[in-house]
Amino acid sequence: MSTSPQKESLTIAGPAGPLEALLEQPQQGAVTTVAVVCHPHPQHGGTMLNKVVHTVARAMVDLGHAALRFNYRGVGASAGSYADGEGELQDALAVVAFVRERWPDAALWLAGFSFGGVVAARAAAVANPACLITIAPAVNILEAKLERLPTMPWLIVQGEADDVVPAAAVQSWVARCGEQADCRPELVLLPGVGHFFHGELGTLRTLITDHTG
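**With respect to the state of the cysteines**
Thought 1: Per the counting criterion, the structure on display carries one disulfide.
Thought 2: Each disulfide pairs two cysteine sulfurs, and for cysteine 177 the partner residue is cysteine 183, the sulfurs being separated by 2.4 Å.
Thought 3: Among the residues examined, cysteine 177 registers a relative accessible area of 3% and is labelled buried.
Thought 4: Here cysteine 131 is not cross-linked by a disulfide; its sulfur's nearest cysteine counterpart is in cysteine 183, at 13 Å.
Thought 5: Using a relative accessible area of 8% as the deciding quantity, one classes cysteine 131 as buried.

**Quick notes on the pattern of salt bridges**
Thought 1: What the rule picks out here adds up to six salt bridges.
Thought 2: As a salt-bridge pair, glutamate 24 and arginine 58 come within 3.1 Å of each other at their nearest N and O atoms. Highlighted residues: glutamate 24 in strand β2 (residues 17–25) and arginine 58 in helix α1 (residues 51–62), separated in sequence by 34 residues.
Thought 3: Residue classification places glutamate 24 among the buried positions, given a relative accessible area of 0%.
Thought 4: Residue arginine 58 is classed as buried on the basis of its relative accessible area, which comes to 16%.
Thought 5: For the salt bridge of arginine 69 with glutamate 24, the shortest nitrogen-to-oxygen distance reads 2.7 Å. Of this pair, arginine 69 sits in strand β4 (residues 66–70) while glutamate 24 sits in strand β2, and the two are 45 residues apart along the sequence.
Thought 6: Among the charged side chains, a salt-bridge network with shared partners connects Glu24, Arg58 and Arg69.

**Notes on α1**
Thought 1: End to end, α1 covers 16 Å across twelve residues, agreeing with the expected 16 Å (1.5 Å per residue, within 8%).
Thought 2: Burial analysis of α1 places nine of its twelve residues in the buried class, the great majority of the element.
Thought 3: Taken together, the buried positions of α1 are Val52, Val53, Thr55, Val56, Ala57, Arg58, Ala59, Met60 and Val61.
Thought 4: Put simply, asparagine 50 is the residue that caps the front of α1, since its side-chain oxygen is 2.8 Å from the backbone nitrogen of valine 52.
Thought 5: Glycine 64 lies just past α1 and shows a positive phi near 90°.

**Thoughts on the side chain of aspartate 162**
Thought 1: Residue placement: aspartate 162 occurs in the loop between β7 (154–159) and α5 (167–177).
Thought 2: In this structure aspartate 162 is buried but unpaired, with arginine 176 as the nearest side chain of opposite charge at 15 Å.
Thought 3: For aspartate 162, the side chain forms a polar contact with the main-chain nitrogen of valine 164, separated by 2.7 Å.
Thought 4: At 2.7 Å, the side chain of aspartate 162 forms a polar contact with the side chain of histidine 195.
Thought 5: The contact partners of aspartate 162, leaving out residues within four places of it in the chain, are Ala136, Val193, Gly194 and His195.

**Here we look at the packing of α1 against helix α6 (residues 201–212)**
Thought 1: Taken N-terminus to C-terminus, the directions of α1 and α6 make an angle of 40°; their axes are 9 Å apart at the nearest point. Taken together, the axis directions place α1 and α6 in an arrangement best described as oblique. Crossing handedness for the pair α1 and α6: right-handed. Listed contacts from α6 to Lys51, Val52, Thr55, Val56, Arg58, Ala59, Met60 and Asp62 of α1 are Leu201, Leu204, Arg205, Ile208 and Thr209.
Thought 2: Considering only residue class, the contact of α1 with α6 consists of seven nonpolar, two polar and four charged.

Reading the values: rules and limits
Residues numbered from 1 in each chain as written. Predicted model: local features only at pLDDT ≥ 70, side-chain atom pairs only at ≥ 80, totals over all residues. Heavy atoms only, no water. Disulfide = S-S within 2.5 Å. Buried < 20%, exposed > 50% of the residue type's maximum accessible area, 1.4 Å probe, protein only. Salt bridge = Lys/Arg side-chain N within 4 Å of Asp/Glu carboxyl O. Helix = DSSP H or I, 4+ residues; strand = E, 2+ residues; numbered from the N terminus. Expected span 1.5 Å × (residues − 1). Polar contact = N/O pair within 3.5 Å; in protein donor to acceptor, adjacent residues only side chain to side chain. Lys, Arg positive; Asp, Glu negative; His and termini not counted. Contact = heavy atoms within 4.5 Å. Axes fitted to C-alpha atoms, helices over the stretch in contact; angles between N-to-C directions. Parallel < 35°, antiparallel > 145°, perpendicular 65-115°, else oblique. Left-handed = near helix turned anticlockwise from the far one by under 90°. Nonpolar A, V, L, I, M, F, W, Y, C, P; charged D, E, K, R; others polar.

Coordinates in, geometry out; function isn't part of it.
Below is the structure:
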């Protein structure tokens, strides 16, 4: 594994007030890519410190990218309160705007886990990042909320033993998505893996770096 990343705690201006964020980047080299990573549902304990979110961020650093995690409104030190996914989308877009202002020459990636996968996918349809990564995206929400399908390279990682987001539902959604001419997500299924990737976080980290490096 790579050495420990350089860390910076940040406060980013959001639509409902300041957003708490954590930037991680390799110890050496200029920032050429920044990945914004979205966390799971705030009403079910989701924060930027979630283990899957942490793993995705570390995979980004393994690739030589900077990773920016943040707490949605009302989570941790972020101001505001839960806003039914719509406010959380606006929070993500505010973080994207911050990234593009601070690193105007860097490529933008978006990533998210579960509910955060929905936020990331919806933000990608607006922000048009260079790459999108969604881990166990909540397709029951995604189908209703994703007005425009992302057209950039898109990796979806799904555990086959997921009892929160069923793998069959994700497969069916990807098949429907693939019927659109410009939407071509790559779905990777992990046998025996549950929603929270217990005991498989190292597998997830390696898979991300192998498929996006």
